[in-house]
Amino acid sequence: MSTYFDHKVANRYTDYPVKEPSELMHFLMNRISGISRTKAKELLSQRMVYVDKEIITQYNYPLKPGQLVQIAKNRHKHSLVSRWVRLVYEDAFIIVVEKKEGILTNALPGDRKENVKAILDEYVKRTSRTFSVCTVHRLDKGTSGLLLFAKRRDIQKILTDNWHDIVTDRRYIAVVQGEMERDSGVVSSWLTDNKMFVTYSSDVDNGGKHAITNYRTLKRKNGYSLIELKLDTGRKNQIRVHMQDLHHPIVGDFKYGSNESEYDERANPVGRICLHAFRLAFRHPITGELMKFETPHPSAFVELLK
């Protein structure tokens, strides 16, 4: 990632000029006497390696002659501390985070409430020459899980324009009401919003966006089902509406499918929508490297089916 570099504290760094093309890990192994591969990875993961005054954590970051690699003598102190967001991965081009339920990805028009993008904007403002991040995709307020952000507008455009080619795997885990009749299946429909921004599903093309959701039933217990969902498309409210179509609404989802009160313990046993984006895999927009990220299934979901 990019970060502000203070020339007044230059003596806190060891300099290594780049004289020929190389990848960063290979360069570190060759230039730092006696360093092990494990130690080199540790320097990168602890964000102690700078290239031209920017922190880089990417082990295969390409180096060019004339660049300057610097190693911090003390561990970098900047970190993302938030009750809403956990930093999963970061390099000079992208940020991957895990979002907690209860916070928007982006602010609504005229809304100044806390959101993930604002938290990340403040984070890069403290640690970077870039004062904002760029949203690539979103999760609903009540949904938790993995989110990808770009650190530059051109990177955002690459990701959004080629999303279906770049993303290789995107999966969710959910708890739904009732015990699923099938072990697996596919839901396909056209989704469109009304004037109240409620998404509706149609079996025939109604001018909306075509949406395809694959599901697999993992467990049935206590009148609930734990299911894994894989998206062929990424439409607004897609999973929530498709579970409504199957007459198995997501537990805690009172907008799509549940006719019960949100204060009903049976309908809202964990106080949230039981939907979590647990896996995200994509090709890096610059290096082409396959990036794979996965988080554990929320313990509260698993507890419901014990």
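Just above sits the structure.
None of the values given here were measured: they were computed from a predicted structure.

What to know about helix H6 (residues 238-245)
- For H6, the buried fraction is high: six of the eight residues fall into the buried class.
- For H6, every residue scored as buried is listed here: Gln 238, Ile 239, Arg 240, Val 241, His 242 and Met 243.
- On its buried face, H6 is in contact with strand E11 (167-177), strand E12 (184-193), strand E13 (199-202), strand E14 (209-221), strand E15 (224-231) and strand E16 (275-283).
- Immediately downstream of H6, the backbone of His 247 shows phi near 65°, a positive value.

Considerations on unusual backbone geometry
- Of note, the phi angle at Asn 237 is positive, near 60°, even though the residue is not glycine.
- Within the element layout of this structure, Asn 237 appears in the loop between E15 and H6.
- With a phi close to 65°, His 247 is a non-glycine residue in the positive phi region.
- The class of His 247 is exposed, set by a relative accessible area of 68%.

So, the pairing of E15
- Of all eight residues in E15, seven are buried; the element is thus mostly enclosed.
- Across seven bridges, the pairing between E11 and E15 is antiparallel. Bridging from a neighbouring strand, Val 176 pairs with Ser 225 of E15.
- For E14 and E15, the ladder comprises eight bridges, and the chain directions are antiparallel. Looking across to E15, one finds that Lys 221 is bridged to Tyr 224.
- Between E14 and E15, which follow one another and run antiparallel, lie two residues, and Asn 222 among them has a positive phi close to 55°.

Quick look at the nonpolar core
- In this structure, Leu 24, Leu 28, Val 69, Leu 148 and Phe 282 are the most contacted members of the largest nonpolar core, which totals 42 residues.
- Counting residues per element, this core draws most heavily on helix H1 (residues 24-31), which supplies four residues.
- If we ignore the near neighbours within four places in the chain, the residues touching Leu 28 are Ile 35, Ala 40, Leu 44, Val 49, Val 69 and Ile 71.
- With 40 residues, the next largest nonpolar core counts Val 124, Leu 147, Tyr 224 and Ile 250 among its residues.

Here's the deal with the side chain of Ser 144
- Structurally, the position occupied by Ser 144 is in strand E10 (residues 144-150).
- With relative accessibility at 4%, the residue Ser 144 sits in the buried group.
- A polar side-chain atom of Ser 144 sits 2.7 Å from a polar atom in the side chain of His 276.
- In this structure Ser 144 touches Lys 99, Lys 100, Glu 101, Leu 139, Arg 272, Leu 275, His 276 and Ala 277, once residues within four positions along its chain are discounted.

Some points on the pairing of E10
- Among the seven residues of E10, seven are classified as buried, and the element is accordingly described as predominantly covered.
- Here six bridges tie strand E8 (residues 94-99) to E10, and the two strands are oriented antiparallel to one another. Note on E10: the bridge partner recorded for Val 97 is Leu 147.
- Pairing between E10 and E16: two bridges, direction parallel. In the strand pairing of E16, Gly 145 is matched with Ala 277.

Regarding the environment of Val 241
- Tracing the backbone through its elements, the reader meets Val 241 in helix H6.
- Separated by 15 residues in the primary sequence, Val 241 and Tyr 256 place their C-alpha atoms 6.1 Å from one another.

Quick word on the pattern of salt bridges
- A complete count under the given rule lists 17 salt bridges for this structure.
- Of the charged contacts in the structure, one is a salt bridge between Arg 220 and Asp 183, with a shortest N-O distance of 2.8 Å. With Arg 220 in strand E14 and Asp 183 in the loop between E11 and E12, the pair connects residues that are 37 residues apart, well separated along the chain.
- With a relative accessible area of 31%, Arg 220 lands in the partly exposed category.
- Its relative accessible area of 52% is what places Asp 183 among the exposed residues.
- Here the salt bridges share partners, and the residues they tie into one network are Asp 169, Arg 171, Arg 216, Glu 228, Arg 279 and Glu 294.

Calculation rules
- Residues numbered from 1 in each chain as written.
- Predicted model: local features only at pLDDT ≥ 70, side-chain atom pairs only at ≥ 80, totals over all residues.
- Heavy atoms only, no water.
- Buried < 20%, exposed > 50% of the residue type's maximum accessible area, 1.4 Å probe, protein only.
- Helix = DSSP H or I, 4+ residues; strand = E, 2+ residues; numbered from the N terminus.
- Contact = heavy atoms within 4.5 Å.
- Pairing = 2+ DSSP bridges.
- Core = buried A, V, L, I, M, F, W, Y, C linked by side-chain atoms within 4.5 Å.
- Polar contact = N/O pair within 3.5 Å; in protein donor to acceptor, adjacent residues only side chain to side chain.
- Salt bridge = Lys/Arg side-chain N within 4 Å of Asp/Glu carboxyl O.

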